[in-house]
Every structure is written in C-alpha cells, then in structure tokens.
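Observations on the three-dimensional arrangement
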Amino acid sequence: MSVKTKTNLAIDCAILIAFLVVNNPALTGLAVHEWFAIAAGLVLIVHVLFHWDWVVNITKTYFKKLIHESRFNYIVNALLFIAYIIVFLSGLMISRNVMQTLGIRLPASPAWREFHSLSANLALLLTGLHFAMHWKWIVSATKRYVLAPIHSLVRRPVMRQPAVQPVKIDKSK
Amino acid sequence: MLKVTLRLLVILLVIALIGAGIYALVQNSPTNSGNPAARGFPGQTVSVASRSSTGQAFSPQRFGERGEGRFNFSLGRGLAGALGNSLEILAITLTVILIRKAIAPRRFQVRTVRINQPS
C-alpha cells in the first residue's frame, strides 16, 4: 500500500509541475512547450491507469448507491479529462513544431487557438477543484512521505532506550 | 501486462472518441466556417483587409500574430506565470475547503458532566 501511495504521490507531483510548466509557454519557449505537453499527456494516461479501479467502480455504481461527494468528484474528474483532451487536441491543431516534424499539415483556424486558450483556463479551474477534492490525501501523504523523512534527517539522533515491558509478579509465592 | 495493455487501449479509445467529437464540433462551428482565406497555417499571411463604414482601410494582419510574444522564451515571465497559476490553484482549493467545512454537518461535542445525585 505504501509503495502505491508513494508512486501515486510522485506521479501527482510530476503532473502538477508539468502542468505549471506547460501552462506557461514563456518558461520553455514554443518548441519545448509542444513536446513537453505530449510527455505530460502520457503521464496523465499513466495517472488514469493507476486509478483504473476507482474509475471502473464509480462508473458502475454511479446511478446506484453512491455518496454525493464521490459523484461530484467523478464529474470533476470527467470534466478535467475532457478539458485536457481539448487542450491537447487544440494544441496539436495549432502546433508549429510537432506536426511539422511529423510531416502532417493540418488546416489551422482561429477557432482552435480560442479553444486552446479557453480549455487551458478551464483545466486550471478544474485542477484546483481536483486538488481540493483530494486535499486530505495530499496533506497526509505529503506529511508521511515527504515531511517525515526530511524531519528525521534533520533531527538529532536519539540514544535508543531499552524496551521496558511490564512483568507480572506473583506475590503469593 | 495484458490487462494493462487492454486498459491503455480503452483509455486511448475514449480519448480518440472524445477528440473526434470535439474536432467535428469545432470544424462545423460557425466560427470556423466563413472566410476560407482565414483557414491558413499559423504565420501564413491572410488578407483580412477590409473597409470600415467610414471607408477607412484596415491593414492586413498575419494570422497567428496576436499574442505571439507570450510564446517567446522569458524565464522571468514564465516563472511569474507559474507562480500565478499556483496561487490560482491554491485559492480555488482553499475556497472549496472552506465551503465544504461550512456545508459539512456539525459533529456533536461530547462532554462529561458530573451529576450530583441526592443521597
């Protein structure tokens, strides 16, 4: 369980950093922005793969017995997934480097540029919501797997105390 | 391994279906139809010169020039943007957490009360 949680935390951190980098093309320049976005898209697919059981379970029980929070969470995640697809697709449609490298010529239109900008803003909003819905998990996993190891490194080593175990004394003897 | 491959294929299929739907929607949208000259590649010169009601001619623009500067590499601007995005995500997160706390049903507080029983 802990290995899975650690892996999930590492992937989620990578996605967040990748999202912040990709969302600001000035940080990398246009060519790196396009290729980096493709890499980030692949990491997103891995993220969905890691949560496959949750997706299947909620999809099966969506209209049956389910608490409201899970339903809302599912809707947010589905919308986020769609928003990322729109960002990715519109990004490919207005791409200058990736498509040129692949030798594909696409009919560009101003609509795709608008869609790219709009869906990126929507993805940012939904990422915030997604973050909020998993806040408890993020805090507990960060405390356990990031802060606690750092704290134990910084803390002075303490002399180990011998274990004390209560022993029952029979007074009748 | 086969299970993971199948799951991956399902995810890619869903992405392809949603992508195809969005592509069809955008390509057939009214924004996209219209002046066929406007459907050029980015950077391609597209004549959008026209005359206003006063008869003044607008200068031709290059499609894709609008907001071009923001794609040029600038570490300071990029970092500022990333910081801004982080703050936006944090603000949304905090807002949602506060709303959830306000909505959540209040838990009963358990207190021990000493009852003086008549002797």
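Owing to the predicted nature of the structure, the values given are computational and were not obtained by experimental measurement.

Attention shifts here to the overall build of chain B. Secondary structure summary: chain B contains two helices and zero strands in total. A burial count over chain B gives 4% of its 119 residues as buried.

The terminal C-alpha atoms of helix H1 (residues 2-22) of chain A, which comprises 21 residues, lie 30 Å apart, in line with the 30 Å expected from a rise of 1.5 Å per residue. Every buried residue of H1 of chain A is accounted for by Phe19, Leu20, Val21 and Val22 of chain A. Where the residues of H1 of chain A are buried, they touch helix H2 (30-50) and helix H6 (110-133) of chain A together with helix H2 (75-103) of chain B.

Another point: the confidence of the model for chain A. When pLDDT is averaged along chain A, the result is 87, and 92% of the positions lie at 70 or above. Mean pLDDT per element in chain A: helix H5 (residues 98-102) of chain A is the minimum at 88, and H2 of chain A is the maximum at 92.

Glancing now at the interface of chain B and chain A. Counting residues at the interface gives 38 residues for chain B, matched by 35 residues for chain A. With 14 residues, the single largest contributor to the side of chain B that touches chain A is H2 of chain B. Residues belonging to the side of chain B that touches chain A are distributed by class as follows: 21 nonpolar, twelve polar and five charged.

Take the nonpolar core next. All names here are of chain A. Grouped together as the largest cluster of nonpolar side chains are 29 residues, with contacts concentrated most on Ala83, Tyr84, Ile85, Ile86, Val87, Phe88 and Leu89. Breaking this core down by element, the ones donating at least two residues are H1, H2, helix H4 (68-93) and H6. Examining the composition of this core, we find that ten residues originate from one element, H4, more than from any other. Contacts of Phe88, omitting those with residues within four sequence positions, involve Ala37 and Gly41.

Across its 26 residues, helix H1 (residues 2-27) of chain B extends 37 Å between first and last C-alpha, which sits within 8% of the 38 Å expected from 1.5 Å per residue. Counted residue by residue, H1 of chain B has one buried out of 26 residues, so it is predominantly exposed.

Per-residue confidence for chain B gives a mean pLDDT of 72, with 60% of residues at or over 70. Across the interface, the model reports ipTM at 0.77; the global pTM reads 0.74.

Take the environment of Arg7 of chain B next. With respect to the helices and strands, Arg7 of chain B occurs in helix H1. Looking at Arg7 of chain B, the number of C-beta atoms within 10 Å reads 16, which means it is partly exposed. Beyond its immediate stretch of four places on either side in the chain, Arg7 of chain B contacts Leu49 and Trp52 of chain A.

With that settled, consider the packing of H2 of chain A against H1 of chain B. Interaxial distance between H2 of chain A and H1 of chain B falls to 10 Å at its minimum, and their mutual angle equals 120°. Taken as axis vectors, H2 of chain A and H1 of chain B run oblique relative to one another. Here the hand of the crossing between H2 of chain A and H1 of chain B comes out right-handed. Each of Ile45, Val48 and Leu49 of chain A in H2 of chain A lies in contact with H1 of chain B, whose residues at this interface are Val4, Arg7, Leu8 and Ile11 of chain B. Looking at the contact of H2 of chain A with H1 of chain B residue by residue, the class counts come to six nonpolar, no polar and one charged.

Here is what the cut-offs are and how they apply
Residues numbered from 1 in each chain as written. Chains lettered and ligands numbered in written order. Predicted model: local features only at pLDDT ≥ 70, side-chain atom pairs only at ≥ 80, totals over all residues. Helix = DSSP H or I, 4+ residues; strand = E, 2+ residues; numbered from the N terminus. Buried ≥ 20, exposed ≤ 12 C-beta atoms within 10 Å, placed from the backbone. Expected span 1.5 Å × (residues − 1). Contact = placed C-beta atoms within 7 Å. pLDDT = per-residue confidence, 0-100. Nonpolar A, V, L, I, M, F, W, Y, C, P; charged D, E, K, R; others polar. Core = buried A, V, L, I, M, F, W, Y, C linked by C-beta atoms within 7 Å. Axes fitted to C-alpha atoms, helices over the stretch in contact; angles between N-to-C directions. Parallel < 35°, antiparallel > 145°, perpendicular 65-115°, else oblique. Left-handed = near helix turned anticlockwise from the far one by under 90°.

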